[in-house]
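The chain contents come next:
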Amino acid sequence: ASGGVMTMIEQIISDAKAMEAEVIRSEEDAQKAYEDFVKETNASIEAKSKEIVNKSEEKASKEGELVEASKEKEAALLELEQLANYKAELHQSCDF
């Protein structure tokens, strides 16, 4: 009976050591997965931040181009108006 109890205790100890080793492996795997996730997330954040900066610069450039184009449009409309007035003056002076 004593041998059966000792065998059972040794089996329990062996099972406990096997479970401990499995838990340690699982914990190491989880830690590695977490570290990989953090690296990927940080890389993604950095890439998105650079993209935001690039898009902001592009937006500012396009807004500058829009302002310049609006000024050119205004100048062209003013010139057209002046030409139309000049045409009307010429037309008046030539038609007696």
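Residues numbered from 1 in each chain as written. Predicted model: local features only at pLDDT ≥ 70, side-chain atom pairs only at ≥ 80, totals over all residues. Heavy atoms only, no water.

On to the overall build of the protein chain. A count of helical and extended segments in the protein chain gives one helix and zero strands. The C-alpha atoms of the protein chain give 41 Å as radius of gyration, which overshoots the globular expectation for 96 residues (12 Å, by more than 25%). Here the C-alpha coordinates of the protein chain stretch approximately 140 × 15 × 5 Å along the principal axes. A burial count over the protein chain gives 0% of its 96 residues as buried. Carbon together with sulfur atoms contributes 60% to the accessible area of the protein chain, which is approximately 8900 Å² in total. The centroid of the 12 positive side-chain charges in the protein chain is displaced by 2 Å from the centroid of its 23 negative side-chain charges. (Helix = DSSP H or I, 4+ residues; strand = E, 2+ residues; numbered from the N terminus. Rg over C-alpha atoms; globule rule 2.2 N^0.38 Å. Buried < 20%, exposed > 50% of the residue type's maximum accessible area, 1.4 Å probe, protein only. Areas by Shrake-Rupley, 256 points an atom, 1.4 Å probe, with all protein chains shown as cover. Lys, Arg positive; Asp, Glu negative; His and termini not counted. Charge placed at Lys NZ, Arg CZ, Asp CG, Glu CD.)

Tallied over the entire structure, the rule returns four salt bridges. Lys-32 is the partner of Asp-36 in a salt bridge, and the nearest nitrogen-oxygen pair spans 3.0 Å. A residue pair is termed a helical-turn pair when its members lie 3 or 4 positions apart in one helix, as Asp-36 and Lys-32 do in helix α1 (residues 2-94) at four residues. For Asp-36, a relative accessible area of 28% gives the class partly exposed. (Salt bridge = Lys/Arg side-chain N within 4 Å of Asp/Glu carboxyl O.)

A contiguous nonpolar patch, built from Val-5, Met-6, Ile-9 and Ile-13 and spanning about 340 Å² of accessible area, is present on the exposed surface. Tracing the backbone shows Ile-13 in helix α1. (Patch = residues over 30% accessible without salt bridge, like charges linked within 9 Å, V, L, I, M, F, W, Y side chains within 5 Å.)

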